[in-house]
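Understanding the architecture of this molecule
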Amino acid sequence: MRTTRTATVLIALCALTLAGCSGSGGKDSEESGSGGGGGKAVSTPRMKIAMVTHSGQGDTFWDIVQSGAEQAAAKDNVEFLYSADKEGKEQAQLIQAAIDQKADGIIVTLAKPEAVKAVVAKAVSAGIPVVTINSGAQFSTEVGALSHIGQDESVAGEAVGEELNDRGRKKALCVIHEQGNVSLEERCAGVKKTFGGQVENLNVEGTNMPASTSSIEAKLQADKSIDAIVTLGAPFAAASVKAKEGSGSTAEVDTFDLNAEVVKRLKAEEVGFAVDQQPYLQGYLAVDEIWLNRTNGNVIGGGKPVLTGPAIVTAKDVPQLEKYTARGTR
């Protein structure tokens, strides 16, 4: 595994214990000693932390984020609440629900910032600490969040463009699975910035995998000059492999994000490389930051973005990654 030439990757801020844990944390985990560090959970007062994301149905990326958040919650005596909606208006309503539930802290994504900025600012005004993760880093300070935890999407895209150059690619298809998501747009723009060849974006219906596969296959059939397919989420790598086979294309499939299926396809050389932004770390650190802020006044990163990636992973990294993806932490 190697970090990109253009990004600083967060080196562990704390030792992470990856043993099994209760999703809601609290007394059971304290008594069993399954919290962080292998000892008892903290003795600080019980608190409630809500995470509200823009996840679409079936997106395995967010399972990994939740896994990290749940592990930190078990250690920190936190009741962890998770909800998600890919539509900005509905996500805003879920954030309002977290406020109404008197959450002690809220973790949010800003994929569609215009739809949620007002309600996030409302939470901050109500004295609820907010941490943003994954998307919309440039809006984090504006809404009053403690900090942002994730990768710089533009830098990640630029790293992909450089990798495609190293691999001698000439034309890349950048597959956007959620229109209006600022982070996905930044990724494709970053690829275009550094890639010496041509980049064409393709919008697909991300919540309908058969339709997405058909759209990618049709594009590959229509344009035989495409020699690289860049997907922006791990589930779409498999869809692109299937589309490639159906179209007879020889294009290399590469992807943002990592899961067990992507590692399997890296091993089989069906995927060339993946960009790992360490979603487990995003969930874990976000819960920890709110707990630290509420109990000790800490702010991780001094309020600046805390980078969890990107790192380029290839087939040579599979032996190390397999054991982690099998347990849902990478």
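Before reading on, note that the structure itself is shown above.
This brings us to the overall build of the protein chain. A count of helices and strands for the protein chain gives 11 helices and 13 strands. Counting only residues that meet the buried cut, the protein chain has 56% of its 330 residues in that class. Pairs at least 24 residues apart make up 74% of the contacts formed inside the protein chain by residues separated by at least 6 positions. When the accessible surface of the protein chain is summed, it comes to about 13,200 Å², and 49% of that surface belongs to carbon and sulfur atoms.

Once that is clear, we can look at the sheet that holds strand S5 (residues 130–133). Read from one edge of the open sheet, six strands run S3-S2-S4-S5-S6-S12, paired in parallel fashion. The open sheet is flanked by strand S3 (78–84) and strand S12 (306–307), the only strands paired with a single partner. Taken together, the four bridges between strand S2 (residues 47–53) and strand S4 (residues 105–108) define a ladder with parallel strand orientation. Residue pairing in the sheet places Met51 in a bridge with Ile107 of S4. Here helix H2 (residues 60–76) sits on the sheet and contacts S2, S3 and S5; the angle it forms with S3, its principal contact strand, is near 160°. Helix-sheet contacts for helix H3 (residues 88–100) involve S2, S3 and S4, and the interaxial angle to S2 is about 175°.

This paragraph deals with the packing of H3 against helix H4 (residues 113–125). Relative to each other, H3 and H4 sit at 10°, their axes nearing to 8 Å. In terms of axis orientation, H3 runs roughly parallel to H4. On H4, the residues touching Gly88, Lys89, Gln91, Ala92, Ile95, Gln96 and Ile99 of H3 are Ala115, Val116, Val119, Val120, Lys122 and Ala123. Its residues assigned to classes, the contact of H3 with H4 comprises eight nonpolar, three polar and two charged.

To continue, consider the pattern of salt bridges. Scanning all chains against the criterion turns up 20 salt bridges. With its nearest N and O atoms 2.9 Å apart, the salt bridge here joins Glu142 to Lys117. You can see Glu142 sitting in the loop between S5 and strand S6 (148–150) and its partner Lys117 sitting in helix H4, a full 25 residues away along the chain. Lys316 is the partner of Asp317 in a salt bridge, and the nearest nitrogen-oxygen pair spans 3.5 Å. Here Lys316 falls in the exposed class, since its relative accessible area comes to 58%. One salt-bridge network, in which partners are shared between bridges, spans Glu163, Arg167, Arg169 and Glu252.

So, about the packing of helix H5 (residues 153–166) against helix H6 (residues 182–194). The contact between H5 and H6 brings their axes to 6 Å, and the two run at 40°. When the interaxial angle is binned, H5 and H6 end up oblique. Our pair here, H5 against H6, has a crossing hand that is right-handed. Taking contact as the criterion, the partners of Glu153, Ser154, Gly157, Glu158, Val160, Gly161, Glu162, Leu164 and Asn165 in H5 are, on H6, Ser183, Glu186, Arg187, Gly190, Val191, Lys193 and Thr194. Class assignment for the residues of the contact of H5 with H6 results in three nonpolar, seven polar and six charged.

If you walk through the whole model with that rule in mind, you get one disulfide. Note that Cys174 is cross-linked by a disulfide to Cys188, the S-S spacing being 2.1 Å. Taking the sign of the S-S torsion, about -90° here, the bridge from Cys174 to Cys188 comes out left-handed. On the criterion of sequence distance, the pair formed by Cys174 in strand S7 (residues 171–176) and Cys188 in helix H6 is long-range, its members being 14 residues apart. Its relative accessible area of 2% is what places Cys188 among the buried residues.

So, about the environment of Trp291. Relative to the assigned elements, Trp291 resides in helix H10 (residues 279–296). Among the residues examined, Trp291 registers a relative accessible area of 13% and is labelled buried. Considering only alpha carbons, one finds Trp291 and Gly105, 186 residues apart in sequence, at a separation of 8.2 Å. Every residue in contact with Trp291, bar those within four places of it in the chain, is listed here: Val42, Thr44, Met47, Ile49, Asp76 and Asn296. Within the structure, Trp291 has its side chain in polar contact with the side chain of Thr44 (distance 2.9 Å).

Rules used throughout
- Residues numbered from 1 in each chain as written.
- Predicted model: local features only at pLDDT ≥ 70, side-chain atom pairs only at ≥ 80, totals over all residues.
- Heavy atoms only, no water.
- Helix = DSSP H or I, 4+ residues; strand = E, 2+ residues; numbered from the N terminus.
- Buried < 20%, exposed > 50% of the residue type's maximum accessible area, 1.4 Å probe, protein only.
- Contact = heavy atoms within 4.5 Å.
- Areas by Shrake-Rupley, 256 points an atom, 1.4 Å probe, with all protein chains shown as cover.
- Pairing = 2+ DSSP bridges.
- Axes fitted to C-alpha atoms, helices over the stretch in contact; angles between N-to-C directions.
- Parallel < 35°, antiparallel > 145°, perpendicular 65-115°, else oblique.
- Nonpolar A, V, L, I, M, F, W, Y, C, P; charged D, E, K, R; others polar.
- Salt bridge = Lys/Arg side-chain N within 4 Å of Asp/Glu carboxyl O.
- Left-handed = near helix turned anticlockwise from the far one by under 90°.
- Disulfide = S-S within 2.5 Å.
- Polar contact = N/O pair within 3.5 Å; in protein donor to acceptor, adjacent residues only side chain to side chain.

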